[in-house]
Amino acid sequence: MTKILMVCLGNICRSPLAEGVLKSKVNASEIFVDSAGTGGYHIGSLPDSRSMDVANEHGIDISNQRCRKFTSEDFQAFDVIYVMDKSNYDNVIALSDTDEDRKKVKLLLEEADLGISEVPDPYYDGTNEFEYVYGLIEQACNQIVKKLEHGRR
Ligand code: 4NP
């Protein structure tokens, strides 16, 4: 079982989308996907309604998700930790202990050749930005799926 964690700041906008999108593309018996936020502002909350809406428009229900905070134990529990932006990267790395921990942390968009490295924080923006963010996440997840399939062969 490969375990993948999606991380952003709030765990209500970007990483819930990344969790939902990747889950929709993999076999749950082979790949476990979860998400967390480095900030603890929204623990226990549903994803942002704008994230739930954009996911719904693409046929994905993320309303079962509840916000949780990233902890140092996640380094042991997960094989890969994808962060949405460089500030998430710094926040996660700050909680790492070993080089092995640090090797697990990657920018999500490193997986896709889109000419940008960060998924922008859409929290203060409108619906269009959520749609844009969804597209970035989906393209990266398509590449992750290809990579996982390639690794199995
Ligand atoms: P996210 O967006 O990191 O994509 O979940 C944010 C959500 C909430 C806050 C910041 C970013 N906040 O400051 O409450």
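A brief report on the enclosed structure follows. (Residues numbered from 1 in each chain as written. Predicted model: local features only at pLDDT ≥ 70, side-chain atom pairs only at ≥ 80, totals over all residues. Heavy atoms only, no water.)

### Topic: the packing of aromatic side chains
Using the criterion set out here, one finds 3 aromatic pairs in the structure. Between the aromatic rings of Phe-70 and Phe-75, the centroid separation amounts to 5.4 Å while the plane-to-plane angle is 90°, which identifies the pairing as edge-to-face. Note on accessibility: Phe-70 and Phe-75 belong to one class, buried. Seen in terms of ring centroids, Tyr-123 and Tyr-124 are 4.9 Å apart; in terms of plane orientation they differ by 80°. Their pairing is edge-to-face. Judged by its relative accessible area of 72%, Tyr-124 is exposed. (Phe/Tyr/Trp six-rings, centres within 6.5 Å; stacked < 30°, edge-to-face > 60°. Buried < 20%, exposed > 50% of the residue type's maximum accessible area, 1.4 Å probe, protein only.)

### So, the site of the ligand
Around the ligand, the surrounding shell consists of Cys-8, Leu-9, Gly-10, Asn-11, Ile-12, Cys-13, Arg-14, Tyr-41, His-42, Asp-121 and Tyr-123. Within the backbone of Leu-9, an N or O atom sits 2.9 Å from an oxygen atom of the ligand. Computed on the free molecule, the ligand has an accessible area of 350 Å², of which 91% lies beneath the protein chains in the complex. (Near = heavy atom within 4 Å. Polar contact = N/O pair within 3.5 Å; in protein donor to acceptor, adjacent residues only side chain to side chain. Areas by Shrake-Rupley, 256 points an atom, 1.4 Å probe, with all protein chains shown as cover.)

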